[in-house]
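This is what each chain is made of:
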Amino acid sequence: MAAEELLKEIKAAVKETPFADAVTNIDFEGPRVVLYCGNLDLLMENGEKIKELARKLRKRIILRPDPSILTDKEEAERKIRELVPPEAKITDIIFSEDVGEVTIEAEKPGVAIGKGGALLREIMHKISWTPKVIRAPPIKSEIVHNIRLSMIYSGAERREILRKIGRRIHREQKAKDGWVRLTTLGGAREVGRSCFLLQTPESKVMLDCGVNVASDDRAFPHLEAPEVRLPELDAVVLTHAHLDHCGFIPYLFKYGFEGPVYCTPPTRDLAVLLLLDYLDIAEREGKQLPYNKRDIGSFLTHCITLEYGDVTDIAPDIRITFHNAGHILGSSVVHIHIGDGLYNIVYTGDLKFDRTRLFSPAVYSFPRVETLIIDSTYGGAEDIQPYRTDAEKVFIQTVLETIKRGGKVLIPAFAVGRAQEIMVLLESAKRSKIIDGIPVYLDGMIWEATAIHTAYPEYLSQELRELIFKEEDNPFLSDMFIKVSGPDQRAEIIDGEPSVILSTAGMMAGGPVLEYFKRLAPDPKNTLIFVGYQGEGSLGRRIQKGWREIPMQGEKGKLEEVKVNMEVRTVEGFSGHSDRAQLFNYIRRMSPKPDKIISVHGDDTKCTDFAAALHKLFRVETRAPLNLETIRLR
Ligand SMILES: [Zn+2]
Ligand SMILES: [Zn+2]
């Protein structure tokens, strides 16, 4: 067995090092190699030698204390509080026994780390737990907190899962002949249920596995395709947390998948938030989803998070790296390296190639690229969006006009992405005294999603990150934002003073936005502003198209006609997707140039139109496949 042989090889290599005596055991933990240590000091002295070993083995090495040397938890906590100066303002200390790690959450992490990490080293020396210091998020997030707890409680189970995954990744390669093929299971010539299967003779990897929330008959990807055999799947690679990319992942675990899901840490947290909300809304609307809460839990225990830039083996012949995609918090462009230099794919997920108030533009430079699979949401010939600065002016102007005539502004927004973009914009308008004293109500999962944003400032643009670090400048903490607590408060807001209401769901496919809409629509003083993509078939798209009488469920479940007299505006330019010009720019800047471009994640004609334009412009092979096609890439 190759994994065992590889372990033997690693053990032999460790024997040759000056820290051999400190290592008590060696094993796999997912894609990484763990050295368990009985003598941490000896390892600390040999930092360079360990790096050398990692380079030689071409593996990520992590160090964990041997469980036998860990100081008792209460004693360890006492020592930490003794050593860390009170100015650090410790907010929490959490022990993770499975990995021998202690997380110190502090308001001033720098103080707890000490100069050049001196304090950390001292803590480790005294208690033998590996200390990790994190910044206390300025807004408490229940999800982040619960995820942390569940990781601790599922520790032993998770360690076993990671051990198995590690052995699978490092299994022996059998095939002599290299080929690569891609099957489209969802999200081809449509937006929603993105799902692709990448196959080589060695491995099967799924890229995203989403749902279409705006559709009943085309909601889920084509997992009935014959090449999909869930127990054989090596891994799922998740680009970002939107439901059209992650919404069907729990189902995989329900039906036999036991492998890992790779994503960034914020993607994991946001995905759990959105999946729980999706389940919740479906239940309330009497819809039965084909999975339950426990399956979302399985996603969590099988999730392996990677930071941008971490090169990671996920199968014997596949190595991936995530890079910033500029779309939402933690969103990734994924670079996939197959075989030893055999083939390279870049899958953009959802892509924004422009500076926004939240993020830097997507990364466009890679070591090698043969095929590019690209987001084509706005790939149509007429999809040129106005400049963001112009869009912002129109948006603020519309808000001001509505408030002046005594109306309310209703903005349907995805909990993740557009909502925070609009919040930062409104706060900056208040700061520069353009708008004043207007309360902004946040309903649905927006507040919780915002809390997760403040927990991961390193994933935001530099400007925003700096504002968040200075507490008094943190735009999300402005007193203009009010979290809506429930139905009673909703009624008060609807009958109350002029205000701005940001509420989910983004395409009006459900959620509290419908309650506001029903009551606010008949009054011409009010305004509905669309700031995000409205999927084909969604209520949002119908209203955008000009429907002025909407049948909706009334108080006692009876259907009633809602008259739309309110002003309806669509402000283009806030999209988290690149428009056609930005997509062209992205490919123009891309280095190196791909030989083949596959256009996905766009309505039917947008994909074909975009593929045709790319072929003309860049003289490369382009494709706009339908769902259930297989393309041989090599
Ligand atoms: Zn998205
Ligand atoms: Zn998407």
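Located above this text is the structure these notes cover.
Conventions used here
Residues numbered from 1 in each chain as written. Chains lettered and ligands numbered in written order. Predicted model: local features only at pLDDT ≥ 70, side-chain atom pairs only at ≥ 80, totals over all residues. Pairing = 2+ DSSP bridges. Helix = DSSP H or I, 4+ residues; strand = E, 2+ residues; numbered from the N terminus. Axes fitted to C-alpha atoms, helices over the stretch in contact; angles between N-to-C directions. Contact = placed C-beta atoms within 7 Å. Core = buried A, V, L, I, M, F, W, Y, C linked by C-beta atoms within 7 Å. Buried ≥ 20, exposed ≤ 12 C-beta atoms within 10 Å, placed from the backbone.

A. Focus on the sheet that holds strand β20 (residues 481–483). Strand order in the open sheet made by the six strands is β20-β19-β21-β18-β22-β25, with parallel pairing throughout. If you trace the sheet from one side to the other, it starts and ends with β20 and β25 (567–570), each paired once. Sheet twist, expressed as the average angle between the axes of neighbouring strands with direction ignored, equals 20°. Along the sheet face, helix α18 (residues 513–520) touches β18 (409–412) and β21 (500–503) and points at about 145° away from the line of β18.

B. Representation of the nonpolar core. With 147 residues, the main nonpolar core has Tyr 262, Leu 274, Ile 411, Ile 452 and Leu 502 as its most contacted residues. By residue number, the principal contributor to this core is helix α11 (residues 265–284), which donates eight residues. In contact with Ile 452, other than residues within four places in its own chain, are Ser 141, Ile 143, Val 144, Pro 266, Asp 269, Leu 270, Leu 273 and Leu 329. Of all hydrophobic cores here, the second largest spans 14 residues; its members include Ala 76, Val 102, Ile 104 and Ile 127.

C. Broad picture of unusual backbone geometry. The residue after Thr 504, namely Ala 505, is reached through a cis peptide bond having omega 5°. Topologically, Ala 505 is positioned in the loop between β21 and α18. At Arg 58, a position not held by glycine, the phi torsion is positive, near 55°. Locating Arg 58 in the fold gives a position in the loop between α3 (47–57) and β3 (61–65). Even without being a glycine, Arg 189 presents a positive backbone phi close to 50°. Counting through the fold element by element, Arg 189 comes out in the loop between β7 (181–186) and β8 (195–199). Classification of Arg 189 as buried rests on a count of 21 C-beta atoms within 10 Å.

Function cannot be read off these values alone, since they describe shape.
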